[in-house]
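# Topology and contacts: notes
Letter by letter, the chains look like this.
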Amino acid sequence: MQVIYEDNHIIIVSKASGEIVQGDKTGDQPLSETVKQYIKEKYQKPGNVFLGVAHRLDRPVSGLVVFAKTSKALERLNRMFADGDVHKTYWAITRNRPQEEEGVLEHWLVRNEQQNKSYAHNREVPRSKLARLKYRVIGASDNYTLLEVNLMTGRHHQIRCQLAKMGCPIRGDLKYGDKRSNPDGSISLLARRVEFIHPVSKETIVATAPLPHDSLWQAFSI
């Protein structure tokens, strides 16, 4: 965990792949608890530390997570995430290069709870939700392409599912059709940048995550 930004109301950290944001049935220590311990020790706070989870990242994904340090900030952040007022930019390393250098993907996604997986359809089907994102090619190596992705909706596994449907599965994402897993169990998807109006001070907050310590990510250091 690396702290990228912090004030009295919010804290933004960069999580490593493999970390869970909130507790789940695995019993592994979540990032939220790690951040609470950091706050408790840094400010020598007695008793319980308040920390609100405003959004999540999938376990194999790395990058920025925004937490609230006050109930007022959490209530407002929850509304901002729900209304699309928090602008998130992702970087994804894909196995194949898209036919178009940039574009908008629009699919109808159906979530399968048992498989913890979403399926993309080209038209509306029962129980489907509309998913839209913008992408553009920002880098390439001999075998991989680096895409910048901006979400226009927030659906379960949306980027993973839509890029795979386009024929460009994310490197290491076996669940969505890549051939090989990454050695560390991650997928090559990074929550790279977040921008929003601070829920209390009303200043513009912009935060950027560092690239993972991985030779392929570092090769795309642009």
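Residues numbered from 1 in each chain as written. Predicted model: local features only at pLDDT ≥ 70, side-chain atom pairs only at ≥ 80, totals over all residues. Heavy atoms only, no water.

### Topic: the side chain of lysine 15
Within the secondary structure, lysine 15 sits in strand β2 (residues 10–15). For the buried residue lysine 15, which engages in no salt bridge, the nearest side chain bearing the opposite charge is glutamate 19, 5.7 Å off. In this structure the side chain of lysine 15 is engaged in a polar contact, spanning 3.5 Å, whose partner is the backbone oxygen of aspartate 58. Within the structure, lysine 15 has its side chain in polar contact with the backbone oxygen of valine 61 (distance 2.7 Å). Not counting residues within four places of it along the chain, the set of residues in contact with lysine 15 comprises Val21, Leu31, Leu57, Asp58, Arg59, Val61, Ser62, Gly63 and Val65. (Helix = DSSP H or I, 4+ residues; strand = E, 2+ residues; numbered from the N terminus. Buried < 20%, exposed > 50% of the residue type's maximum accessible area, 1.4 Å probe, protein only. Lys, Arg positive; Asp, Glu negative; His and termini not counted. Salt bridge = Lys/Arg side-chain N within 4 Å of Asp/Glu carboxyl O. Polar contact = N/O pair within 3.5 Å; in protein donor to acceptor, adjacent residues only side chain to side chain. Contact = heavy atoms within 4.5 Å.)

### Considerations on empty space enclosed by the protein
Taken as a whole and judged by the stated rule, the model has 1 cavity of 30 Å³ or more. With 3 residues, the single largest contributor to the lining of the largest cavity is strand β10 (residues 189–197). Residues that form the lining of the largest cavity fall into these classes: 5 nonpolar, 1 polar and 2 charged. (1 Å grid on protein atoms, 1.4 Å probe; cavity = no way out; pocket = protein on both sides within 12 Å on 5 of 7 lines; lining within 4 Å. Points joined across faces, edges and corners; volume = space filled by probe spheres on them. Nonpolar A, V, L, I, M, F, W, Y, C, P; charged D, E, K, R; others polar.)

### Side note on helix α3 (residues 158–165)
Since the α-helix turns once every 3.6 residues, residues separated by three or four places project in the same direction. Of all the 8 residues making up α3, 6 are buried; the element is thus mostly covered by neighbouring parts of the structure. Among the residues making up α3, those that are buried are Gln158, Ile159, Arg160, Cys161, Gln162 and Leu163. Against β5 (87–94), β6 (102–112), β7 (117–121), β8 (129–140), β9 (145–151) and β10 lie the buried residues of α3.

Function cannot be inferred from these measures alone, as they are strictly geometric.
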